[in-house]
Amino acid sequence: MSFMSLILFLIIFPLFAALLMTLLKNPKVRGFFVMAASLVIAAASVALLVMNLNNSGFVEYAVHMEYIEYAMTAVLLLISVYIIYAGARDKKYHAVVLAIVQILATVGSELLFGGKAEAANALMLDNLSLLMVMLVGVVGSLICVFSVGYMEKYHHHKHVADRSRMFFAVVFVFMSAMFGLVLSNNLKWLLFFWEITTFCSYLLIGYTRTAEAIRNSYRALVMNIVGGLGFLAGIVWLYETQGIIEVDKLLALNPALVVVPVVFICFAGVVKSAQMPFSSWLLGAMVAPSPVSALLHSSTMVKAGVYIVIRLSPLLAGTKAGLFIALIGAVTFLFASLIAISERNLKRLLAYSTISTLGLIVACAGVGTYQAVWTAMLLMIFHAVAKALLFLCAGTVEGGTDSLSIEDMDGLIMKMPKVTVFILVGIAGMFLAPFGMLISKWQALEALVSVNPLIAVLVIFGSSATLFFYTKLMGKLIMIVHPAGKLEKGVTGGEWFTLGTLSILTVAACVVFPVISKYLIDPFIKLVYHSTVSMSAGNIVIMLLMMVFLLLLPLQIVLQRRDKRHVSAYLNGANLTEYKDAAEANDHFYTAGHNVQELKLSNYYLEEMFGEKRLGLVGIVLTSMLLAILCGVMFL
Amino acid sequence: MSYFKKSPWLIHYDGSSCNGCDIEVLACLTPLYDVERFGIVNTGNPKHADILLITGSVNEQNKSVIQNIYDQMPDPKVVVAVGICATSGGIFADCYNVLGGVDKLIPVDVYVPGCAARPEAIIDGVVQGLGVLEEKYKNRKERKKKVNA
Amino acid sequence: MKILLTTVLFIILAPVAGGLLSGFDRKISARMQKRVGPSILQPFYDVLKLFQKENVVVNISQNLYAFCFLFFTVFTGVLFFNGADILLIIFSLTLAGIFFVLGGYSTFSPYSFIGSERELLSMVADEPMIILTAVGMYMVTKSFSVADIAAYGTPLFFYIPGVFLGFLFILTIKLKKSPFDLSTSHHAHQELVSGVTTEFSGKPLAWIELAHWYENVFLLGIVYLFFAPVPVIGVAVALLAYFLEIFIDNINARVKWQWMLKSAWGAAIGLGVLNIFILYIVQ
């Protein structure tokens, strides 16, 4: 199979899978086909990678199908019409107004282009696209596999209408759109896929049809439509001033000539990657089932946002516009990390952590030096894998304990040992040395310091907040409490498979990252910037050593002598003495009146200092000001 | 060779004391007596302590607490009963809720009588306790050897 | 071969130096309070005794964390004295610190739990300034490698005095000295008993103590780096800094965490960041 047909296959095959999903009513049969289709998609992505390893250049493909553009426009109009209908039904009139504006803009731009705006090569493939294809193909497929078992149980627990058919269909359409998005060279095609992802996320967020879900789905929709309109404005501006609509030709231009369209398109990217002041849509997306959160946060949707910023980063490097986009990212990183300290809900904590990491990626892409872009690409990989793992674990925990509150997770390691170990791997992947995210943060610091110390300073303060909220979460999970429980019986084989694979990937990504860098990222950096990033071999050895130690040290628990005397924790001698087992005397004590009281330990959340209400507002004001300045800068 | 003599860490428990002895215990820490020059540290934590220093008698309310603190201390450990109340119950011995001296509940190694016990006497009691500590350490080591053999 | 030698020397000598420092600390503190104070070798007696004590546990996992804390602290020091990348060294120290905190959490004991939370807050407070120190050193020497930084011609202090002062400020937090000894205390009674270490006994407690010695030597090593070209002055300043910390320890009462966080970040911004910006503009 040629590259071309494989690329088309990646875009079209999920559509067929989606169609199949709408037809299959039996959940068992559907589950089988979901797994089969996921396997095919993952295999095709890996095949594309393997076939392309020796061909590291920028390859473009012409697609000669005139009617396809008409079909795309028609689909976009249909979506807008549906939004008008649904918006009127759900009484979300701002969405209706925006959909009408969207129709006008789509029709207007088509009239402006007058059918003349044609791209010589509609599709393309380079290592950045390839990286994205791998993330979508592998992580996305794993999430699909997980969803099969999860959604079935989900409908046992929750009293919401079972719309799993629609769920899986939309997920596959989503994947198709993501493939299209990262493989498009024609900006109009890119925008088409962009709008599809917006629409799909709207459908998935509103999956449960509860009042909250509907409200949040519209928030995501509205914000991303605004972003999409910015994208369209960018394309129109680009065509009117430069007469081109291709990514490759845009990248070849003098950055000074295309500041306005680049800023417009990056604005869309900033909205989609949930940077402040637009971060609220991603937090609202938490109402959806956990696989949706995993999908939106790790491999799709938000990654589309950062993808476009990274794609355009050569045009941002060294410009004022790039600096302000980077600052928006850095401020988002700092404030999202700080707010995460005050979050008591696991999914919301993870959401803020996602927003902050995306902020770091945007900061790196905005700076746009070769080292920064290298870091941004690595961050995408590490974040996608670890965050998918964490969200799916959160879903599993919710299934087992019926709670997502961190306060209810005392001693989870005694009740759901395997899942907890997976969560610990995921958390370690997010911030601990020598795991992936830390490698990237380290490189980000080195990259940012030499360009602009202000951005580096924001990142430094944000990192220490990350340390706080993740470690106190870990602390809750690893407490030893009694009695042990067995809450992970209901987890199905498919779910274990996904969680296990993602854990292995989290560890593996950091062990083999020099290889990933060498074959996937370095060629891209070399092509665009004509220089390469080199991490000294010594440092890599040190990190591998740390990793080996981290994997070996837990053996100490097995090797240490078992004959130790167990005593209860020190409670001023007031421990309950009725228990025979010292360990169980730990969590009850006598009060002054000799009443029995249960011991409860609650984490610090420090709301009065780091609360969302307070810092969220500051962050939104700051980033809005930066956006305003950005608008001013772009017209100068 | 053991280091117990050079580094005795203690925990002080105040039973049903009149606080006279407690103040004398604290006086030991002041610059005048400065027990830290012998390496003595008042840890306030049974898990770190070698010596359990008890002032005041044992009563119905605190017996479980004393037992608990004693159990939580790692071996080898010694108990020093400071003041006449801790050694025998003193003038409170006949009270309806008083059990008597500390030895009614846990084995006491050194008795320091007095009402209140003077700091010199308390320090002397602790130093005598160190000898017992050393001995217990040796016994423990031998027992361990036997078990292993 | 040189690496191996440095490593072995560090592993053997650092606890000797760390223990002596701690001994001087107790002696000087005692003298400041008009006491005689213990022998200089007292810390060694304490640790050796702990090795001879029984190890009672709440659960066996707590020992794992204590061991990892010691292991990665030693690892950090080994990296530092072998001249590795200073950011990597700082991250390794953070990893060690996290194990210490997790050890406190694992026991489900209220005292070590709150100690752990506060220890984490201390880490949040001091981490930015530590990384800023590395950044400041990079901006002068254009290298993150400790070997390169140490080999730089003129003392870094002349370029980054603000960073130096900022580092001295958070050194108080790192050494767990008053007014920032919120998480654990070497002194007599405090409201948290012994904070993070409350539930540790015997050998693991000795590991933790040893780890702190290694850590202190490493931290003074960073102070030394500011004056590396003149070793005599470097050592003298490091010892002076330690003395200063003892002095501060003795004249201050413990503060609330809010104050610690605000003042540490304030120092990081007012001293560290300002210095770095000035350096950036000058360059």
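Nothing here was measured: the structure is a model prediction, and the numbers come from that model. (Residues numbered from 1 in each chain as written. Chains lettered and ligands numbered in written order. Predicted model: local features only at pLDDT ≥ 70, side-chain atom pairs only at ≥ 80, totals over all residues. Heavy atoms only, no water.)

Caption draft 1: A look at the overall build of chain B. Looking only at helices and strands, chain B has 4 helices and 7 strands in total. For 149 residues, the compact-globule estimate of 2.2 N^0.38 gives 15 Å, and chain B sits close to it at 15 Å. Projected onto its principal axes, the C-alpha coordinates of chain B cover approximately 50 × 35 × 20 Å. Within chain B, contacts between residues separated by at least 24 positions form 81% of all contacts whose residues are at least 6 apart in sequence. Summed over its atoms, the accessible surface of chain B is roughly 6600 Å², and 56% of this surface lies on carbon and sulfur atoms. (Helix = DSSP H or I, 4+ residues; strand = E, 2+ residues; numbered from the N terminus. Rg over C-alpha atoms; globule rule 2.2 N^0.38 Å. Contact = heavy atoms within 4.5 Å. Areas by Shrake-Rupley, 256 points an atom, 1.4 Å probe, with all protein chains shown as cover.)

Caption draft 2: Broad picture of the state of the cysteines. Tallied over the entire structure, the rule returns 0 disulfides over all chains. For the unlinked cysteine A:C266, the closest cysteine sulfur is that of A:C631, found at 13 Å. Free of any disulfide, B:C95 has its nearest neighbouring cysteine sulfur in B:C85, separated by 9.6 Å. For B:C95, a relative accessible area of 34% corresponds to the partly exposed category. (Disulfide = S-S within 2.5 Å. Buried < 20%, exposed > 50% of the residue type's maximum accessible area, 1.4 Å probe, protein only.)

Caption draft 3: Structural context of the packing of helix α1 (residues 2-32) of chain C against helix α2 (residues 42-52) of chain C. Residue and element names in this part refer to chain C. The N-to-C vectors of α1 and α2 enclose an angle of 115°; their axes lie 7 Å apart at closest approach. Each of P15, V16, G19, L20, S22, G23 and R26 in α1 lies in contact with α2, whose residues at this interface are Q42, P43, F44 and D46. Class assignment of the residues belonging to the contact of α1 with α2 gives a composition of 5 nonpolar, 4 polar and 2 charged. (Axes fitted to C-alpha atoms, helices over the stretch in contact; angles between N-to-C directions. Nonpolar A, V, L, I, M, F, W, Y, C, P; charged D, E, K, R; others polar.)

Caption draft 4: Broad picture of the interface of chain A and chain C. Contacts between the two partners involve 63 residues from chain A and, on the opposite side, 67 residues from chain C. When the two sides are added together, the surface that chain A and chain C hide from each other amounts to roughly 5900 Å², 80% of it contributed by carbon and sulfur. The three residues of chain A that bury the most area against chain C are A:F461, A:L553 and A:Y604, which together make up 11% of that side's buried surface. Counting the contacts that link chain A with chain C gives 1 salt bridge. We note a salt bridge from C:E54 to A:R565, for which the minimum N-O separation is 3.1 Å. Only α19 (436-449), α20 (453-478), α23 (537-552), α24 (555-559), β3 (565-566) and α25 (607-610) of chain A provide two or more residues apiece to the side of chain A that touches chain C. Of the residues forming the side of chain A that touches chain C, the biggest block, 14 residues, is contributed by α20(A). Partitioning the side of chain A that touches chain C into residue classes produces 40 nonpolar, 14 polar and 9 charged. (Buried area = accessible area lost by both parts, 1.4 Å probe. Salt bridge = Lys/Arg side-chain N within 4 Å of Asp/Glu carboxyl O.)

Caption draft 5: Representation of helix α21 (residues 493-511) of chain A. In a regular helix each residue adds 1.5 Å, so 19 residues correspond to 27 Å; α21(A) covers 27 Å between its end C-alpha atoms and thus fits that length. The set of residues buried in α21(A) consists of A:G494, A:E495, A:W496, A:T498, A:L499, A:G500, A:L502, A:S503, A:T506, A:V507, A:A509 and A:C510. (Expected span 1.5 Å × (residues − 1).)

Caption draft 6: Just the side chain of C:K53, in detail. By secondary structure assignment, the location of C:K53 is in the loop between α2 and β1 (56-57). Of note is the side chain of C:K53, whose polar atom sits 3.1 Å from the backbone oxygen of B:P74. Residue contacts for C:K53: discarding those within four places in its chain leaves B:F4, B:A49, B:D50, B:P74, B:D75, B:P76, B:R140 and C:G202. (Polar contact = N/O pair within 3.5 Å; in protein donor to acceptor, adjacent residues only side chain to side chain.)

Caption draft 7: How the structure looks around unusual backbone geometry. For the peptide bond that leads from A:M276 to A:P277, omega is 5°, which places it in the cis range. With respect to the helices and strands, the residue A:P277 is situated in the loop between α10 (259-272) and α11 (280-284). That bond from C:S178 to C:P179 is cis: its omega, 5°, falls within 30 degrees of zero. Unusually for a residue other than glycine, C:K176 sits at a positive phi of about 55°. Mapped onto the elements, C:K176 comes out in the loop between α7 (161-174) and α8 (202-225). Judged by its relative accessible area of 12%, C:K176 is buried. Of note, C:V193 is a non-glycine position whose phi angle comes to about 55°, a positive value. With respect to the secondary-structure elements, C:V193 resides in the loop between α7 and α8.

Caption draft 8: Seen up close, the interface of chain B and chain A. The partner chain A presents 8 residues to the 13 residues of chain B that form the contact. Buried surface at the junction of chain B and chain A, summed over both partners, amounts to about 910 Å²; 42% is from carbon and sulfur atoms. Considering only the side of chain B, the residues that lose the most area to chain A are B:K47, B:N68 and B:Q72, jointly responsible for 43% of the buried surface there. Counting across the interface, chain B meets chain A through 0 salt bridges. Linking chain B to chain A there are 7 residue pairs in polar contact (both at pLDDT 80 or more). Partitioning the side of chain B that touches chain A into residue classes produces 5 nonpolar, 4 polar and 4 charged.

Caption draft 9: Representation of the environment of A:V528 in the model. Take A:V528: it is sitting in helix α22 (residues 513-529). When the C-alpha positions of A:V528 and A:Y370 are compared, they lie 8.3 Å apart, and in sequence the two are 158 residues distant.

Caption draft 10: Broad picture of the sheet that holds strand β2 (residues 41-42) of chain B. Residues and elements named next belong to chain B. A sheet is described by the order of its strands in space; here 5 strands give the open sequence β2-β1-β3-β5-β7, paired in parallel fashion. Whereas interior strands pair on both sides, the edge strands pair on one side only; in this sheet they are β2 and β7 (110-112). Note: strand β1 (residues 9-14) against β2, 2 bridges, orientation parallel. Residue pairing for β2: W9 is matched across the bridge by V41. (Pairing = 2+ DSSP bridges.)

Caption draft 11: Examining the side chain of A:S279 more closely. All names here are of chain A. In this fold, S279 is placed in the loop between α10 and α11. By relative accessible area, S279 is classed as buried at 7%. Here S279 is in contact with A274 and I355, once residues within four sequence places are set aside.

Caption draft 12: Inspection of helix α26 (residues 612-635) of chain A at higher detail. Residues and elements named next belong to chain A. Here α26 is 24 residues long and its end C-alpha atoms lie 34 Å apart, about the 34 Å a rise of 1.5 Å per residue gives. All buried positions along α26 are accounted for by L615, G616, G619, T623, L626, L627, L630, V633 and M634. For α26, the elements touching its buried residues are α10, α14 (320-340) and α25.

Caption draft 13: Just the pattern of salt bridges, in detail. What the rule picks out here adds up to 29 salt bridges over all chains. For the salt bridge of B:E120 with B:R118, the shortest nitrogen-to-oxygen distance reads 3.5 Å. Salt bridges here are not isolated pairs; linked through shared partners, they connect B:D34, B:E36, C:R26, C:R35 and C:D46.

Caption draft 14: Seen up close, the environment of A:T208. All names here are of chain A. Counting through the fold element by element, T208 comes out in the loop between α7 (187-205) and α8 (211-242). For T208, a relative accessible area of 10% puts it in the buried group. Sequence separation between T208 and D162 is 46 residues; the distance between their C-alpha atoms is 8.6 Å. When neighbours within four sequence positions are excluded, T208 is seen to be in contact with Y154, V160, A213 and V287.

Caption draft 15: Fine view of the pairing of β1(B). Residues and elements named next belong to chain B. Most of β1 is tucked away, with 5 of its 6 residues classed as buried. Following the backbone out of β1, through helix α1 (residues 20-27) and into the adjacent parallel β2, one traces a crossover that is right-handed. Relative to strand β3 (residues 51-55), β1 is paired through 5 bridges, and the arrangement is parallel. Of the residues in β3, the one forming a bridge with H12 is L53. (Right-handed = clockwise from strand over helix to strand, strands pointing away.)

Caption draft 16: View of the UniProt feature "domain: NADH:ubiquinone oxidoreductase-like 20kDa subunit" (unreviewed entry) in chain B. As recorded in UniProt, the sites labelled "domain: NADH:ubiquinone oxidoreductase-like 20kDa subunit" (unreviewed entry) are residues 18-127 of chain B. Across residues 18-127 of chain B one finds 29% helix and 18% strand; the C-alpha atoms that close the span lie 24 Å apart. (UniProt positions renumbered as here; feature names shortened; annotations may be inferred.)

Caption draft 17: Quick peek at the packing of aromatic side chains. Taken as a whole, this structure holds 43 aromatic pairs over all chains when the rule is applied. Ring centres 5.2 Å apart and planes at 65° place the aromatic pair A:F192 and A:F193 in the edge-to-face group. Comparing A:F192 with A:F193, the two get one shared label, buried. By way of ring pairs, the aromatic residues A:F549, C:F67, C:F71, C:F72, C:F75, C:F99 and C:W207 are connected into one cluster. Positioned above the aromatic ring of A:W496 is the side chain of A:K418, whose terminal nitrogen or guanidinium carbon lies 4.6 Å from the ring centre. Positioned above the aromatic ring of B:Y70, the side-chain terminus of B:K77 is 4.3 Å from the ring centre. (Phe/Tyr/Trp six-rings, centres within 6.5 Å; stacked < 30°, edge-to-face > 60°. Lys NZ or Arg CZ within 6 Å of the ring centre and 35° of its normal.)

Caption draft 18: Inspection of a nonpolar patch on the surface at higher detail. Residues and elements named next belong to chain C. On the surface, M1, L4, L5, V8, L9, I11, I12 and L13 cluster together to form a nonpolar patch covering roughly 820 Å² of accessible area. The residue V8 is located in helix α1 in this model. The class for V8 is partly exposed, based on a relative accessible area of 43%. (Patch = residues over 30% accessible without salt bridge, like charges linked within 9 Å, V, L, I, M, F, W, Y side chains within 5 Å.)

Caption draft 19: Just the pairing of strand β5 (residues 78-82) of chain B, in detail. Residues and elements named next belong to chain B. Of all 5 residues that make up β5, 5 are buried, and the element is covered over most of its length. Residues V78, V80 and V82 of β5 are buried on one face, and the alternating residues V79 and A81, pointing to the opposite face, are buried as well. Sheet topology places β3 next to β5; 5 bridges connect them, and they run parallel. Bridge pairing in β5 links L52 to V79. With 3 bridges connecting them, β5 and β7 associate as parallel partners. Considered in β7, the bridge of V80 is made with V110.

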